[in-house]
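Single-letter residue listing:
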Amino acid sequence: MDIDKKIKIICVAGTRPEFIKVFPVYKKLLELQENNRSGHIFEIKWLNTCQHKDLTVDLENFFEIKPDFVFNLENMPDSQDLRLAALGTEILWQASQLFEEYKPDLVLIQGDTLSAQQCALAAFYLHIKVGHIEAGIRTNDINAPFPEELARRIISQVSILNFTPGKISQNTLEAEKIMYKSKSYNFYTGNTVVDTLDYSIKKIDNHTFSWQEYATVKQSFDNQEINLLEHLRQSKKYILVTAHRRENSEACKNLAKAIHRIATKFQGEIEFIISVHKNPNARVAFEELYGQCLQDKLHNIKFFEAVNYPLFLKLMANCFFIVTDSGGIQEEAPYLSKPVLIFRNETERTEGIEYGLARLIGTQEHMIHGCIMDLITDTSSYESMIKNDLQPYGDGLAASRIADVISLYFKK
Ligand code: UDP
């Protein structure tokens, strides 16, 4: 390879979890660009596909990222069923035009979003190399999570550099490599989510950003603003809840019923704080629950619109425990020593369960109710889920490893 040739890398992020997990790698790659120690001239760019435009503005501010490229994804259909195709087509087309013009040497994507999948495909069609952060995780059920399980599998077909978050994903990819005879390389790096947690908690502790900008959030359904930090100061013991997976839309009603029963029983003692996702299908159940709370004058369930990341970290750090169907939160909870109940029938993050830090509680009302009640009422069960010395998802050095591999790869 020509030593003077610029190595151009585009880091892709379009949704909240991608921003959070690509950020530390981008930061390390920028260091390569600046110090030139690798003997190569790197040019690192950030692409925001704007798949979740409103969820990424706060993240750009908090992480001080100015995207070099942004896509225009206005005027997408409201229908959730058509959205995937419409968004996917637009992202593929805009990514293809960008990659053709800019000619990156590597497109670095993360996870299993539509943005990641379509940017990987656009790069593949143009014979551009793809690197994949958080490669190789699987549930082996193509419908759960939907459509992410498909996205991951497609990406693995075209990605040359795979950065796996754990031993299980590393083994999965090694096994698939034999199946597809692909010329890809798999590196077990750990999950970058931990790198971002390290960075963000330092930033929060050192007060190097203004809480004022982040403390106020909107309550869902009545749209009133509230200072969440203030609320936290006065709050009782609270259970943090998030649910947004497409395949869980109906099951959210079961979750809502279980929460209603428990909140009614523990009024004045325990509060539920629910971060309500934009996904309209997942919102229905929580909106119904909100109506029921008004009717019953039940005040210990609070509903918030997507809480910005630093504030969400505060929410996690101070909560009693977490109930979620999120992938990222399953990984973050052990770092913050919080038990996590996984409101899903399957998970691709099995390490937390193996270590006893997470429980898969399914989507049936009686199971959700029983598992939440168990943690509330059985102290030894609760305490058995807190093991500060166990970190199943990474050691905070994943981004450095990924940047080192990329640097070496272009040296060869
Ligand atoms: N998160 C956040 N605000 C919220 C809920 C989640 O900042 O109100 C963060 C959370 O800390 C985690 C990420 O968003 O890092 C997870 O995103 P999400 O659950 O949307 O996606 P998934 O991880 O399931 O793909």
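Attention in this report is confined to the structure presented alongside it.

### What about the environment of Arg-359?
Residue placement: Arg-359 occurs in strand S15 (residues 358-360). Distance in space between the C-alpha atoms of Arg-359 and Ile-372 is 10 Å, their sequence separation being 13 residues. Not counting the four nearest positions on each side in its chain, Arg-359 is found in contact with Val-340, Leu-341, Ile-342, Asp-374, Leu-375, Ser-381, Ser-384 and Met-385.

### Let's talk about the side chain of Ser-115
Inspection of the secondary structure puts Ser-115 in helix H4 (residues 114-125). Not counting residues up to four positions away in its chain, the partners in contact with Ser-115 are Gly-14, Glu-18, Thr-49, Gln-51 and Ile-91.

### A closer look at the pattern of salt bridges
A full pass over the atoms with the stated rule returns 23 salt bridges. Of the charged contacts, one joins Lys-253 and Glu-250 as a salt bridge, the two residues approaching to 3.5 Å between their closest N and O atoms. Bridged by salt links that share partners, the residues Lys-21, Asp-112, Glu-134, Glu-149, Arg-152, Arg-153, Glu-331, Arg-344, Glu-348 and Arg-349 form one connected network.

### Structural notes on the sheet that holds strand S4 (residues 106-110)
Pairing is parallel across the open sheet formed by seven strands, whose spatial order is S3-S2-S1-S4-S5-S6-S7. Taken across any chain shown, the strands that pair with only one partner, and hence form the sheet edges, are strand S3 (69-70) and strand S7 (185-188). Here five bridges tie S4 to strand S5 (residues 129-133), and the two strands are oriented parallel to one another. By the bridge assignment, Leu-108 is partnered in S5 with Gly-131. Across the sheet, helix H1 (residues 16-35) lies against strand S1 (6-13), strand S2 (41-48), S4 and S5, angled at about 160° from S2, the strand it touches most.

### Quick notes on the site of the ligand
Looking at the ligand, there are 16 residues lining it, with Ser-275, Val-307, Ser-326, Gly-328 and Glu-332 nearest. The side chain of Arg-245 places a nitrogen or oxygen atom 2.9 Å from an oxygen atom of the ligand. Within the side chain of Glu-332, an N or O atom sits 2.5 Å from an oxygen atom of the ligand. In the complex, the protein chains occlude 94% of the 540 Å² of accessible area that the ligand would expose alone. Elements supplying a minimum of two residues to the shell around the ligand: H1, helix H12 (309-318) and helix H13 (327-335). In terms of residues, the shell around the ligand owes the most to one element, H13, which gives four residues. Here the shell around the ligand is built from residues that sort into eight nonpolar, five polar and three charged.

### With respect to the sheet that holds strand S13 (residues 321-324)
Taken in spatial order, the six strands make up an open sheet running S12-S11-S10-S13-S14-S15, and their pairing is parallel. Since the sheet does not close on itself, it has two edges, and those belong to strand S12 (301-305) and S15, each with one partner. Sheet twist, expressed as the average angle between the axes of neighbouring strands with direction ignored, equals 20°. One ladder, built from four bridges, connects strand S10 (residues 237-243) with S13; its direction is parallel. Considered in S13, the bridge of Ile-239 is made with Phe-321. H12 contacts S10, strand S11 (270-276) and S13 of the sheet and is inclined by roughly 130° relative to S10.

### Observations concerning the side chain of Glu-60
Mapped onto the fold, Glu-60 is located in helix H2 (residues 53-63). An unpaired buried charge is present at Glu-60: no salt bridge exists, and Lys-53, the closest side chain of opposite charge, is 9.3 Å distant. Each residue touching Glu-60, except ones within four places of it in the same chain, is listed here: Phe-19, Asn-48, Ile-65 and Pro-67.

### Focus: the packing of helix H10 (residues 251-265) against helix H11 (residues 280-296)
At their nearest, the axes of H10 and H11 sit 8 Å apart, and the two run at 25° to each other. The angle between H10 and H11 places the two elements in the roughly parallel class. In the crossing of H10 with H11, the sense of the turn from one axis to the other is right-handed. For the pair H10 and H11, the contacting residues are Cys-252, Lys-253, Leu-255, Ala-256, Ile-259 and His-260 in the first and Ala-282, Ala-285, Phe-286, Glu-288, Leu-289, Gln-292 and Asp-296 in the second. Taken together, the residues of the contact of H10 with H11 sort by class into eight nonpolar, two polar and three charged.

### Things to note about H13
Counting buried positions over the nine residues of H13 gives eight, a clear majority of the element. Taken residue by residue, H13 has Gly-327, Gly-328, Ile-329, Gln-330, Glu-331, Glu-332, Ala-333 and Pro-334 as its buried positions. On its buried side, H13 packs onto H1, helix H7 (192-205), S10, H12, S13 and strand S14 (340-342). For H13, the side-chain oxygen to backbone nitrogen distance between the N-cap and Gly-328 is 3.3 Å, and the N-cap itself is Ser-326. Two residues or fewer past H13, Ser-337 is found with a positive phi of approximately 55°.

### As for the packing of aromatic side chains
Given two aromatic rings, one states the distance between the centres and the angle between the planes to describe the pair. In the structure shown here, the tally under the stated rule is 22 aromatic pairs. A centroid spacing of 4.8 Å and a plane angle of 65° characterise the contact between Tyr-26 and Trp-46, whose relative ring orientation is edge-to-face. Of the two residues, Tyr-26 sits in helix H1 while Trp-46 sits in strand S2, which places them 20 residues apart along the sequence. Accessibility expressed as a relative area gives 9% for Tyr-26, which makes it buried. Residue class for Trp-46 comes out buried when judged on its relative accessible area of 0%. Geometry around Tyr-102 places Lys-8 over its ring, the cationic atom sitting 4.3 Å from the centre. Sitting above the plane of the Phe-62 ring, Lys-203 keeps its charged end 5.1 Å from the centroid.

Thresholds, definitions, all that
- Residues numbered from 1 in each chain as written.
- Predicted model: local features only at pLDDT ≥ 70, side-chain atom pairs only at ≥ 80, totals over all residues.
- Heavy atoms only, no water.
- Helix = DSSP H or I, 4+ residues; strand = E, 2+ residues; numbered from the N terminus.
- Contact = heavy atoms within 4.5 Å.
- Salt bridge = Lys/Arg side-chain N within 4 Å of Asp/Glu carboxyl O.
- Pairing = 2+ DSSP bridges.
- Axes fitted to C-alpha atoms, helices over the stretch in contact; angles between N-to-C directions.
- Near = heavy atom within 4 Å.
- Polar contact = N/O pair within 3.5 Å; in protein donor to acceptor, adjacent residues only side chain to side chain.
- Areas by Shrake-Rupley, 256 points an atom, 1.4 Å probe, with all protein chains shown as cover.
- Nonpolar A, V, L, I, M, F, W, Y, C, P; charged D, E, K, R; others polar.
- Buried < 20%, exposed > 50% of the residue type's maximum accessible area, 1.4 Å probe, protein only.
- Lys, Arg positive; Asp, Glu negative; His and termini not counted.
- Parallel < 35°, antiparallel > 145°, perpendicular 65-115°, else oblique.
- Left-handed = near helix turned anticlockwise from the far one by under 90°.
- Phe/Tyr/Trp six-rings, centres within 6.5 Å; stacked < 30°, edge-to-face > 60°.
- Lys NZ or Arg CZ within 6 Å of the ring centre and 35° of its normal.

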